[in-house]
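# Topology and contacts: notes
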Amino acid sequence: VQGTGGSSAVSKCSAAARGYIQDRFLQLLAGRRRRRAPLIHRGYYIRARAVDHCVQNFLLKTQSHPRTQILSLGAGFDSLYFRLKDMGLLRHTVVYEVDFPNVVCQKATLIKRIKELSELVGNTAVEGLGAVTFSGENYKLLGVDLSELSELERALKEAGLDSEIPTLFIAEVVLTYMENSRSDALIQWAAEHFPQACFLLYEQVHPEDPFGHVMQQHFSQLNSALHSLAQYPDCEAQQRRFLGRGWTECSVMDMNEFFTCCIPEDEQQRVQSLEPFDEYEEWHLKCSHYFVLTASKGMEPSWTPLPSVTVPRHAGPVGIAGSVPAAVCAKLSGISGMRRYGHCSVLIKPNVILTTGGFGEEDGQHCRMRNFHVLSKSAACWKAGCVTKKSPDKRWGERLYHTVSCLSDSLALMVGGRTSPSSAGLGMLWLKFPETYNPSDPDDIAVELVNLQPAAEPATLRWRHSTTEVTFKGEQYLFVYGGCSALDPVLGDWYFLDIRELSNTVIAVEGPVPESRHSHSACSWEGGVLIAGGLGAAEQPLGSVFLLRELEHGFQWQAVETHPPLIPRYSHTAHVYEGKLLLVGGVWFHASSVPGITVIDLMTGLCLDYVINVEHLEWPLMLHNHSSVFLPNEKELLVIGGGGNCFSFGTHLNQEPVWLSLSSILTSH
């Protein structure tokens, strides 16, 4: 548990060094300096921002009181006191910090040794006696095990804590490491002994979904299990926990809600532009698995730093119409080439699926995938194989978030994609493969790569876009839409690529232009394109569906109304079958469940959600950054890959391809 404190101090320090948070004291206290990934920076930014928002609100609301106090539980190497003191916000506030005795001893030594810190504490600071390790005029360090409530009470009395003045308790990822009976007792003790009290809690939530499983497993492996989650699995349960233990007011928000509702738009944009970033799914999943809670009692005026959430939160499952069974493809298990994300899978012939690019597991290592893989069906049995690639540069196919469009029996076009999010997007490649092949030997397929870099560049230097076949006046075009580029975090433009010449063709488009988006889905339908969902300009999921419809003189954008409204999502896949749009997986902000299969009737607009039944899978199924292939004859979906880098909890890759049987939901409509 102490190790998690040291690690988070280093992460906060790295976030400060990159300009996410302004805090010069973190480096002095963390000691070690390590550069963390952008995803970690964002995660610690939102944590620091939530705590600061609530603490400064408490100091503002209580400024008319002659004396107030802050009690930080499990404070570790946090810099809160020094930051507030430096800002001149502690004129009548004493800060008490409690942690394990050896942690506060180390912190006291650092403070005495570093002039910048000791000057802020003041010259009167002395080494304390007993549990009071260090004592300054308005700063006390106490070495006590928080789970021993009677010892904590005795030490606080000894340090001069006054139960009669307004008091803010802070527990930033602390209580969850204690047994529930002990943390519950601490919450109740604070309410019973302090007539004017506020409590600020920041910790994890939602243990039951795939990301939650990976999160729990990570902390268990560190030997610091998260005890709160079983008894208090969601925000509503945490709220009931406080209201049932003597607190009269309680508000709670997950961090997606906090970021949207409590951080001004210009600050959101500042943070989003600090460094190249392309881990949106994991950022939003991390934010849906952490919450900030504020509780109070006896405060006049009342203390409510968190606004009422204007975004409707679905407490139960999202209007579920039924379930879809998931089963592993037994013959395809154990093939490492299938464990990847950010890749693309496409039917290049009946019963032959080509998978290219992405990030995953190759030769026992995690890396950008260099090899192409094939799944082929022979005598009702699927087999997997590694493709022989013929190209002057073996790295050519090494890209993420690209598209592949099969244009004939022997030709496919790879468009866009990226290597690193800081590099420019990649252009186009022809993929040439033999017209005939032996389906019983998937290793037999060879693919030749032909570079098309100079052609149609602006259309193709992008990633997380879509490329869809459309027909205009009997001619075939590829409709390239949306995505990201090195210059623009979200694109709303489109191009019609003439398939024969790969040149941009100007075709008139009328109607209301859809808002810019990436990570959306796009399907060919009746000569046009169906665009659904995606992530918009403010990094907010979109719930709109548009049809690009062929007219006599061009195309027209037309909104598709759905009822009930489609829940906004992105990073899903999509297929059309007999007038129905099927959306598979994705990421949304409704953390009470994960997206399964959504079926939209394109005639009536009826929108139905189905959960995926994963009881026969032995590992968490993460349905984002995956690919899927629909086999209409069998009414089955094959999901290949998926997963991502789950914050600091490790990379999760779906273990093997998964079959989803849709026959029950496609025949029942």
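Residues numbered from 1 in each chain as written. Predicted model: local features only at pLDDT ≥ 70, side-chain atom pairs only at ≥ 80, totals over all residues. Heavy atoms only, no water.

Glu 300 connects to Pro 301 through a cis peptide bond whose omega is -5°. The topology assignment puts Pro 301 in the loop between strand S9 (290–297) and strand S10 (320–328). The peptide bond linking His 563 to Pro 564 adopts the cis configuration, its omega dihedral lying at -5°. Position of Pro 564 relative to the elements: it lies in the loop between strand S31 (554–559) and strand S32 (573–577). In this structure, His 206 is a non-glycine residue whose phi angle is positive, near 60°. Relative to the elements of secondary structure, His 206 occurs in the loop between strand S7 (197–204) and helix H9 (210–221). Even without glycine at this site, Leu 502 takes up a positive phi of about 55°. Along the polypeptide, Leu 502 turns up in the loop between strand S25 (494–498) and strand S26 (504–505). Here Leu 502 falls in the buried class, since its relative accessible area comes to 6%. (Helix = DSSP H or I, 4+ residues; strand = E, 2+ residues; numbered from the N terminus. Buried < 20%, exposed > 50% of the residue type's maximum accessible area, 1.4 Å probe, protein only.)

Another aspect to go through is the domain arrangement of the protein chain. The domain architecture assigned to the protein chain consists of domain 1 (2–297) and domain 2 (320–661). Relative placement of domain 1 and domain 2: their C-alpha centres are 41 Å apart. Across the contact, 32 residues belong to domain 1 and 33 residues belong to domain 2. When domain 1 packs against domain 2, the two sides together hide about 2700 Å² of surface, and 62% of this comes from carbon and sulfur. Per-residue buried area on domain 1 facing domain 2 is highest for Asp 278, Tyr 280 and Glu 281; these three make up 24% of the total on that side. For the pair domain 1 and domain 2, the interface holds four salt bridges. Taking the shortest distance from any N to any O, the salt bridge between Arg 464 and Asp 278 comes out at 2.6 Å. On inspection of domain 1 and its partner domain 2, the count reaches 13 residue pairs in polar contact (both at pLDDT 80 or more). By residue number, the principal contributor to the side of domain 1 that touches domain 2 is helix H14 (residues 280–288), which donates eight residues. (Domains from an automatic or database assignment. Contact = heavy atoms within 4.5 Å. Buried area = accessible area lost by both parts, 1.4 Å probe. Salt bridge = Lys/Arg side-chain N within 4 Å of Asp/Glu carboxyl O. Polar contact = N/O pair within 3.5 Å; in protein donor to acceptor, adjacent residues only side chain to side chain.)

This part is about the packing of aromatic side chains. The final tally for this structure, using the stated rule, is 33 aromatic pairs. Ring geometry for Tyr 20 and Tyr 45: centres 6.4 Å apart, planes at 55°, overall tilted. Taken together, the residues span a long stretch of sequence, with Tyr 20 in the loop between helix H1 (2–17) and helix H2 (25–30) and Tyr 45 in helix H3 (residues 38–61) at a distance of 25 residues. Per residue, the accessibility class of Tyr 20 equals that of Tyr 45, and both read buried. Within the aromatic cluster, the residues linked to one another by ring pairs are Phe 472, Phe 479, Tyr 481, Trp 494, Phe 496, Phe 546, Phe 555 and Trp 557. Stacked on the ring of Tyr 290, the Lys or Arg Lys 286 has its end atom at 4.1 Å from the ring centre. (Phe/Tyr/Trp six-rings, centres within 6.5 Å; stacked < 30°, edge-to-face > 60°. Lys NZ or Arg CZ within 6 Å of the ring centre and 35° of its normal.)

Turning next to the sheet that holds strand S23 (residues 466–472). A sheet is described by the order of its strands in space; here four strands give the open sequence S23-S24-S25-S26, paired in antiparallel fashion. If you trace the sheet from one side to the other, it starts and ends with S23 and S26, each paired once. Inspection of the sheet shows S23 paired to strand S24 (residues 475–481) by seven bridges, in the antiparallel sense. Bridge pairing links Thr 471 to Gln 476 in S24. (Pairing = 2+ DSSP bridges.)

Alignment of strand S29 (residues 528–532) against strand S30 (residues 545–550), held across four bridges, turns out to be antiparallel. Paired with Leu 530 across the strands is Leu 547, a residue of S30. From the end of S30 to the start of S31, which pair antiparallel, there are three residues.

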